[in-house]
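# Residue-level structural notes
Residue strings, one per chain:
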Amino acid sequence: MSYPHYRDVLDLHQGRATSDGDGVRLTRLIGGPGLERFDPFLMLDAFDSVDARDYLGGFPAHPHRGFETVTLMLEGRMRHEDHLGNRGLLVPGGVQWMTAAGGIVHSEMPEQEQGRLFGFQLWLNLPAADKLGPASYRDFAPEEIPQLTSARGVGVRVIAGRFREGEQEQAGAVQRPHTEPQLYQLDFPAGACLMPELPRGHNVLLHVFAGELTVRGQRDRSIQAGQLARLTDGDSLHLTSANGARALLIAGKPLGEPIVQYGPFVMNSREQIEQALADYRSGRFG
Ligand code: FE2
(Lines give C-alpha, C1' and ligand atoms only; values in the text may rest on other atoms or scores of the structure.)
Protein backbone atom coordinates (compact mmCIF):
# COMPACT_ATOMS: atom_id res chain seq x y z
CA MET A 1 0.00 0.00 0.00
CA SER A 2 1.50 3.28 -1.03
CA TYR A 3 0.10 6.73 -0.41
CA PRO A 4 -1.25 8.69 -3.35
CA HIS A 5 1.07 11.40 -4.53
CA TYR A 6 -1.00 14.52 -5.12
CA ARG A 7 -0.19 16.87 -7.94
CA ASP A 8 0.80 20.33 -6.69
CA VAL A 9 1.04 23.69 -8.36
CA LEU A 10 4.48 23.92 -9.96
CA ASP A 11 4.10 27.57 -10.95
CA LEU A 12 1.52 30.20 -11.87
CA HIS A 13 1.35 32.33 -15.01
CA GLN A 14 -0.69 35.43 -15.87
CA GLY A 15 -0.19 35.36 -19.61
CA ARG A 16 0.70 38.37 -21.68
CA ALA A 17 -1.52 40.77 -23.60
CA THR A 18 -0.73 40.65 -27.31
CA SER A 19 -2.45 40.61 -30.69
CA ASP A 20 -2.47 38.19 -33.59
CA GLY A 21 -4.21 37.73 -36.92
CA ASP A 22 -5.51 41.08 -38.15
CA GLY A 23 -5.21 42.88 -34.82
CA VAL A 24 -7.21 40.51 -32.60
CA ARG A 25 -6.40 41.33 -28.98
CA LEU A 26 -5.78 38.30 -26.83
CA THR A 27 -3.97 36.96 -23.80
CA ARG A 28 -1.20 34.48 -24.61
CA LEU A 29 -1.04 32.10 -21.66
CA ILE A 30 1.51 29.78 -23.29
CA GLY A 31 3.76 30.59 -26.23
CA GLY A 32 6.39 33.28 -25.90
CA PRO A 33 8.26 34.96 -23.07
CA GLY A 34 7.28 33.69 -19.62
CA LEU A 35 6.12 30.27 -20.72
CA GLU A 36 7.37 29.30 -24.15
CA ARG A 37 5.69 25.89 -24.20
CA PHE A 38 4.78 22.94 -21.99
CA ASP A 39 5.32 19.72 -23.96
CA PRO A 40 3.12 18.68 -25.83
CA PHE A 41 1.38 22.09 -25.68
CA LEU A 42 2.83 24.83 -27.86
CA MET A 43 0.44 27.69 -27.26
CA LEU A 44 -2.71 28.65 -25.37
CA ASP A 45 -4.50 31.89 -26.23
CA ALA A 46 -7.54 33.35 -24.50
CA PHE A 47 -9.58 35.92 -26.39
CA ASP A 48 -12.29 37.79 -24.53
CA SER A 49 -13.68 41.18 -25.44
CA VAL A 50 -17.00 43.01 -25.68
CA ASP A 51 -15.37 45.68 -27.87
CA ALA A 52 -15.74 44.66 -31.52
CA ARG A 53 -12.62 46.68 -32.46
CA ASP A 54 -10.62 44.07 -30.52
CA TYR A 55 -11.71 41.19 -32.76
CA LEU A 56 -13.37 42.38 -35.99
CA GLY A 57 -10.18 41.87 -38.05
CA GLY A 58 -10.25 38.15 -37.25
CA PHE A 59 -7.65 35.75 -38.58
CA PRO A 60 -7.62 36.01 -42.39
CA ALA A 61 -6.13 33.17 -44.48
CA HIS A 62 -2.93 31.82 -42.90
CA PRO A 63 -1.06 28.49 -42.90
CA HIS A 64 -0.18 25.94 -40.23
CA ARG A 65 2.08 22.87 -40.37
CA GLY A 66 3.26 20.26 -37.87
CA PHE A 67 0.65 20.34 -35.09
CA GLU A 68 -3.04 20.50 -34.16
CA THR A 69 -5.21 23.44 -33.11
CA VAL A 70 -8.16 23.12 -30.74
CA THR A 71 -10.58 26.04 -30.51
CA LEU A 72 -13.22 26.27 -27.80
CA MET A 73 -15.85 28.97 -28.15
CA LEU A 74 -17.69 30.11 -25.02
CA GLU A 75 -19.45 33.23 -26.30
CA GLY A 76 -19.84 34.64 -29.78
CA ARG A 77 -19.52 33.05 -33.19
CA MET A 78 -16.56 32.43 -35.47
CA ARG A 79 -16.48 31.12 -39.05
CA HIS A 80 -13.80 28.71 -40.27
CA GLU A 81 -12.90 28.07 -43.92
CA ASP A 82 -9.92 26.13 -45.25
CA HIS A 83 -8.27 25.14 -48.52
CA LEU A 84 -9.67 21.60 -48.24
CA GLY A 85 -13.15 23.05 -48.66
CA ASN A 86 -14.23 22.70 -45.03
CA ARG A 87 -16.54 25.36 -43.67
CA GLY A 88 -17.71 25.52 -40.11
CA LEU A 89 -19.43 27.90 -37.75
CA LEU A 90 -18.24 27.83 -34.16
CA VAL A 91 -21.04 28.77 -31.78
CA PRO A 92 -20.98 29.12 -27.96
CA GLY A 93 -20.00 25.75 -26.48
CA GLY A 94 -18.70 24.49 -29.83
CA VAL A 95 -15.26 23.01 -30.43
CA GLN A 96 -13.10 22.84 -33.52
CA TRP A 97 -10.33 20.26 -33.79
CA MET A 98 -7.98 20.87 -36.69
CA THR A 99 -5.04 18.62 -37.47
CA ALA A 100 -2.83 20.82 -39.62
CA ALA A 101 -0.17 18.10 -40.00
CA GLY A 102 1.41 18.48 -43.49
CA GLY A 103 -0.29 21.79 -44.10
CA ILE A 104 -3.53 23.68 -44.01
CA VAL A 105 -4.46 27.22 -45.02
CA HIS A 106 -7.50 28.54 -43.22
CA SER A 107 -9.27 31.64 -41.98
CA GLU A 108 -11.06 32.16 -38.67
CA MET A 109 -13.34 35.19 -38.81
CA PRO A 110 -15.82 36.53 -36.26
CA GLU A 111 -19.41 36.07 -37.42
CA GLN A 112 -20.65 39.10 -35.47
CA GLU A 113 -20.12 42.84 -35.39
CA GLN A 114 -20.93 43.42 -31.76
CA GLY A 115 -21.19 41.58 -28.46
CA ARG A 116 -18.76 39.47 -26.54
CA LEU A 117 -16.31 37.14 -28.27
CA PHE A 118 -14.85 34.73 -25.72
CA GLY A 119 -12.91 31.53 -26.23
CA PHE A 120 -9.61 29.71 -26.30
CA GLN A 121 -7.22 28.23 -28.80
CA LEU A 122 -4.74 25.53 -27.82
CA TRP A 123 -1.89 24.30 -30.02
CA LEU A 124 -1.03 20.64 -29.53
CA ASN A 125 2.17 19.24 -31.01
CA LEU A 126 2.31 16.20 -33.29
CA PRO A 127 5.07 13.56 -33.12
CA ALA A 128 7.76 13.72 -35.82
CA ALA A 129 6.23 10.77 -37.67
CA ASP A 130 2.87 12.57 -38.12
CA LYS A 131 4.00 16.12 -38.85
CA LEU A 132 3.65 15.68 -42.60
CA GLY A 133 0.52 13.50 -42.48
CA PRO A 134 -2.83 14.43 -44.02
CA ALA A 135 -4.59 17.53 -42.72
CA SER A 136 -8.07 17.14 -41.26
CA TYR A 137 -10.75 19.24 -39.65
CA ARG A 138 -13.74 18.47 -37.45
CA ASP A 139 -16.14 20.70 -35.65
CA PHE A 140 -18.44 19.75 -32.83
CA ALA A 141 -21.75 21.38 -32.00
CA PRO A 142 -22.19 22.10 -28.27
CA GLU A 143 -24.48 19.06 -27.82
CA GLU A 144 -21.85 16.76 -29.35
CA ILE A 145 -19.48 17.34 -26.41
CA PRO A 146 -20.23 14.70 -23.74
CA GLN A 147 -21.05 16.19 -20.37
CA LEU A 148 -21.79 14.99 -16.88
CA THR A 149 -22.17 16.15 -13.32
CA SER A 150 -19.55 14.62 -11.07
CA ALA A 151 -20.38 12.91 -7.77
CA ARG A 152 -19.61 16.11 -5.87
CA GLY A 153 -21.41 18.49 -8.15
CA VAL A 154 -18.91 19.66 -10.76
CA GLY A 155 -20.16 20.15 -14.32
CA VAL A 156 -17.69 18.47 -16.68
CA ARG A 157 -17.59 18.75 -20.48
CA VAL A 158 -15.27 16.06 -21.79
CA ILE A 159 -13.81 17.56 -24.95
CA ALA A 160 -10.92 15.10 -25.36
CA GLY A 161 -9.60 11.97 -23.73
CA ARG A 162 -11.52 10.22 -20.99
CA PHE A 163 -12.85 11.58 -17.72
CA ARG A 164 -12.57 9.27 -14.71
CA GLU A 165 -13.42 9.89 -11.09
CA GLY A 166 -14.22 6.94 -8.82
CA GLU A 167 -16.92 4.85 -10.52
CA GLN A 168 -17.73 7.55 -13.03
CA GLU A 169 -16.24 7.39 -16.50
CA GLN A 170 -16.97 9.23 -19.72
CA ALA A 171 -15.22 9.19 -23.10
CA GLY A 172 -14.66 12.59 -24.68
CA ALA A 173 -15.54 13.81 -28.18
CA VAL A 174 -11.97 13.39 -29.45
CA GLN A 175 -9.34 10.71 -28.86
CA ARG A 176 -5.81 11.27 -30.11
CA PRO A 177 -2.87 8.86 -30.07
CA HIS A 178 0.69 9.75 -29.04
CA THR A 179 -0.04 12.80 -26.87
CA GLU A 180 -3.28 11.31 -25.40
CA PRO A 181 -4.73 14.76 -24.66
CA GLN A 182 -7.30 15.08 -21.87
CA LEU A 183 -9.27 18.30 -22.13
CA TYR A 184 -12.13 19.14 -19.77
CA GLN A 185 -14.19 22.26 -19.29
CA LEU A 186 -15.13 22.45 -15.60
CA ASP A 187 -17.86 24.34 -13.82
CA PHE A 188 -17.57 24.30 -10.01
CA PRO A 189 -20.53 25.43 -7.93
CA ALA A 190 -19.57 26.89 -4.55
CA GLY A 191 -18.25 24.18 -2.23
CA ALA A 192 -17.79 21.55 -4.98
CA CYS A 193 -14.79 19.25 -5.21
CA LEU A 194 -13.25 17.09 -7.94
CA MET A 195 -10.62 14.33 -7.90
CA PRO A 196 -10.12 13.36 -11.54
CA GLU A 197 -7.72 10.55 -12.46
CA LEU A 198 -4.99 11.69 -14.80
CA PRO A 199 -2.23 9.50 -16.22
CA ARG A 200 1.05 9.77 -14.37
CA GLY A 201 3.67 11.36 -16.61
CA HIS A 202 1.19 13.61 -18.41
CA ASN A 203 1.92 17.31 -18.19
CA VAL A 204 -1.08 19.07 -16.66
CA LEU A 205 -2.28 22.66 -16.97
CA LEU A 206 -5.14 24.30 -15.17
CA HIS A 207 -6.53 27.62 -16.36
CA VAL A 208 -9.17 29.32 -14.20
CA PHE A 209 -11.25 31.82 -16.18
CA ALA A 210 -13.88 32.70 -13.58
CA GLY A 211 -13.90 32.50 -9.77
CA GLU A 212 -11.19 30.75 -7.80
CA LEU A 213 -9.97 27.15 -7.46
CA THR A 214 -7.76 25.50 -4.87
CA VAL A 215 -5.31 22.70 -5.68
CA ARG A 216 -5.06 20.58 -2.54
CA GLY A 217 -1.62 19.00 -2.63
CA GLN A 218 1.27 18.78 -0.20
CA ARG A 219 0.58 22.50 0.14
CA ASP A 220 -2.75 24.09 -0.86
CA ARG A 221 -2.49 26.71 -3.58
CA SER A 222 -5.23 28.96 -4.82
CA ILE A 223 -5.61 29.84 -8.52
CA GLN A 224 -7.45 33.05 -9.36
CA ALA A 225 -9.43 33.88 -12.50
CA GLY A 226 -7.02 34.67 -15.33
CA GLN A 227 -4.20 32.51 -13.96
CA LEU A 228 -2.69 29.42 -15.53
CA ALA A 229 -1.10 26.81 -13.24
CA ARG A 230 1.36 24.15 -14.31
CA LEU A 231 1.09 21.12 -12.03
CA THR A 232 3.73 18.73 -10.78
CA ASP A 233 3.54 15.02 -11.67
CA GLY A 234 1.56 12.68 -9.43
CA ASP A 235 -1.11 9.99 -9.10
CA SER A 236 -3.96 12.16 -7.89
CA LEU A 237 -5.40 15.59 -8.23
CA HIS A 238 -7.71 17.23 -5.72
CA LEU A 239 -9.52 20.45 -6.65
CA THR A 240 -11.97 22.43 -4.54
CA SER A 241 -13.74 25.75 -4.92
CA ALA A 242 -15.17 27.64 -1.97
CA ASN A 243 -17.14 30.18 -4.01
CA GLY A 244 -17.40 28.63 -7.47
CA ALA A 245 -15.12 28.59 -10.49
CA ARG A 246 -14.92 27.88 -14.21
CA ALA A 247 -11.76 26.33 -15.55
CA LEU A 248 -10.03 24.35 -18.28
CA LEU A 249 -8.06 21.26 -17.28
CA ILE A 250 -5.59 20.24 -19.97
CA ALA A 251 -3.29 17.20 -19.80
CA GLY A 252 -1.04 15.60 -22.39
CA LYS A 253 1.79 13.13 -22.70
CA PRO A 254 5.06 14.91 -23.47
CA LEU A 255 6.71 13.98 -26.78
CA GLY A 256 10.27 14.82 -25.72
CA GLU A 257 11.28 15.66 -29.31
CA PRO A 258 13.25 18.66 -30.56
CA ILE A 259 11.09 21.62 -31.55
CA VAL A 260 11.90 24.28 -34.10
CA GLN A 261 9.14 26.84 -34.54
CA TYR A 262 8.73 29.61 -37.05
CA GLY A 263 5.37 31.28 -36.44
CA PRO A 264 2.64 28.84 -37.55
CA PHE A 265 5.13 26.11 -38.55
CA VAL A 266 6.31 23.78 -35.79
CA MET A 267 8.78 21.11 -36.89
CA ASN A 268 11.80 19.20 -35.55
CA SER A 269 14.63 20.87 -37.50
CA ARG A 270 15.55 24.09 -39.28
CA GLU A 271 15.67 22.27 -42.61
CA GLN A 272 12.03 21.21 -42.14
CA ILE A 273 11.06 24.83 -41.40
CA GLU A 274 12.79 25.98 -44.59
CA GLN A 275 10.94 23.25 -46.48
CA ALA A 276 7.63 24.41 -44.95
CA LEU A 277 8.29 28.00 -46.07
CA ALA A 278 9.27 26.84 -49.57
CA ASP A 279 6.18 24.61 -49.83
CA TYR A 280 3.88 27.37 -48.65
CA ARG A 281 5.35 29.98 -50.99
CA SER A 282 5.05 27.66 -53.97
CA GLY A 283 1.40 26.87 -53.15
CA ARG A 284 1.98 23.24 -52.18
CA PHE A 285 -0.21 23.59 -49.09
CA GLY A 286 -3.35 23.66 -51.15
FE1 FE2 B 1 -5.13 29.31 -37.48
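Anything mentioned here points back to the structure above.
These numbers were taken from a predicted model, which means no experiment stands behind them.

Right, let's get into the packing of aromatic side chains. How two aromatic rings sit relative to each other is given by the distance of their centres and the angle of their planes. Going through the model one piece at a time under the given rule, you end up with six aromatic pairs. For the ring pair phenylalanine 120 and phenylalanine 209, a centre distance of 5.4 Å and an interplane angle of 55 degrees mean the geometry is tilted. Of this pair, phenylalanine 120 sits in strand 11 (residues 117-125) while phenylalanine 209 is found in strand 19 (residues 203-215), placing the two residues 89 residues apart along the sequence. With relative accessibility at 3%, the residue phenylalanine 120 sits in the buried group.

Taken in spatial order, the four strands make up an open sheet running 5-10-7-8, and their pairing is antiparallel. Of all strands in the sheet, those with a lone pairing partner are strand 5 (59-64) and strand 8 (87-90), marking the two edges. Here the average twist between neighbouring strands, direction ignored, is 20 degrees.

Before going further, it helps to examine the coordination of the iron ion. Looking at the metal site, the iron ion is ligated by His62 (NE2), His64 (NE2), His106 (NE2) and Glu108 (OE), spaced 2.1 to 2.7 Å from it. For the iron ion, the four donor atoms in the first shell make angles of 84 to 177 degrees at the metal, so the coordination geometry reads as irregular.

Before going further, it helps to spend a moment on the pairing of strand 17 (residues 182-188). For strand 17, the tally of buried residues reaches six of seven residues, placing the bulk of the element in the interior. Strand direction decides the pairing type here: strand 14 (residues 155-160) and strand 17, joined by five bridges, are antiparallel. Bridge assignment links glycine 155 to a residue of strand 17, and that residue is aspartate 187. Of the strand pairs in this sheet, strand 17 and strand 23 (residues 245-252) are connected by seven bridges, and their pairing is antiparallel. Across the sheet, the residue bridging to leucine 186 is alanine 247, located in strand 23.

This paragraph deals with the environment of arginine 138. Along the polypeptide, arginine 138 turns up in strand 12 (residues 136-140). It is 8.7 Å that separates the C-alpha atoms of arginine 138 and asparagine 86, two residues lying 52 residues apart in sequence.

The antiparallel open sheet is built from seven strands, whose spatial order is 2-3-4-11-6-9-12. Looking at strand neighbours, the two that pair on one side only are strand 2 (16-20) and strand 12, the edges of this open sheet. Going across the sheet, the axis of each strand differs from the next one's by a mean of 20 degrees, ignoring polarity.

Here we come to the pattern of salt bridges. Considering all chains together, one arrives at 20 salt bridges under this definition. Put simply, glutamate 165 and arginine 152 hold a salt bridge, and the shortest N to O gap is 3.8 Å. One end of the pair, glutamate 165, is in strand 15 (residues 162-165); the other, arginine 152, is in the loop between strand 13 (147-149) and strand 14, with 13 residues separating them in the sequence. Connected through salt bridges with shared partners, the residues Asp20, Arg28 and Asp45 form a single ionic network.

Before going further, it helps to spend a moment on the pairing of strand 14. Regular strands have side chains that alternate between both faces of the sheet. With five of six residues buried, strand 14 lies mostly within the body of the structure. Where strand 13 meets strand 14, three bridges bridge the pair, whose relative direction is antiparallel. Across the sheet, residue glutamine 147 finds its bridge partner in strand 14, namely arginine 157. Adjacent in sequence and paired antiparallel, strand 13 and strand 14 are bridged by five residues, among which glycine 153 carries a positive phi angle near 90 degrees.

What counts, and at which threshold
- Residues numbered from 1 in each chain as written.
- Predicted model: local features only at pLDDT ≥ 70, side-chain atom pairs only at ≥ 80, totals over all residues.
- Heavy atoms only, no water.
- Phe/Tyr/Trp six-rings, centres within 6.5 Å; stacked < 30°, edge-to-face > 60°.
- Helix = DSSP H or I, 4+ residues; strand = E, 2+ residues; numbered from the N terminus.
- Buried < 20%, exposed > 50% of the residue type's maximum accessible area, 1.4 Å probe, protein only.
- Pairing = 2+ DSSP bridges.
- Axes fitted to C-alpha atoms, helices over the stretch in contact; angles between N-to-C directions.
- Donors = N, O, S within 2.8 Å, 3.2 Å for Na, K, Ca; no water.
- Tetrahedral: all angles 85-135°; square planar, octahedral: opposite > 155°, others 65-115°.
- Salt bridge = Lys/Arg side-chain N within 4 Å of Asp/Glu carboxyl O.

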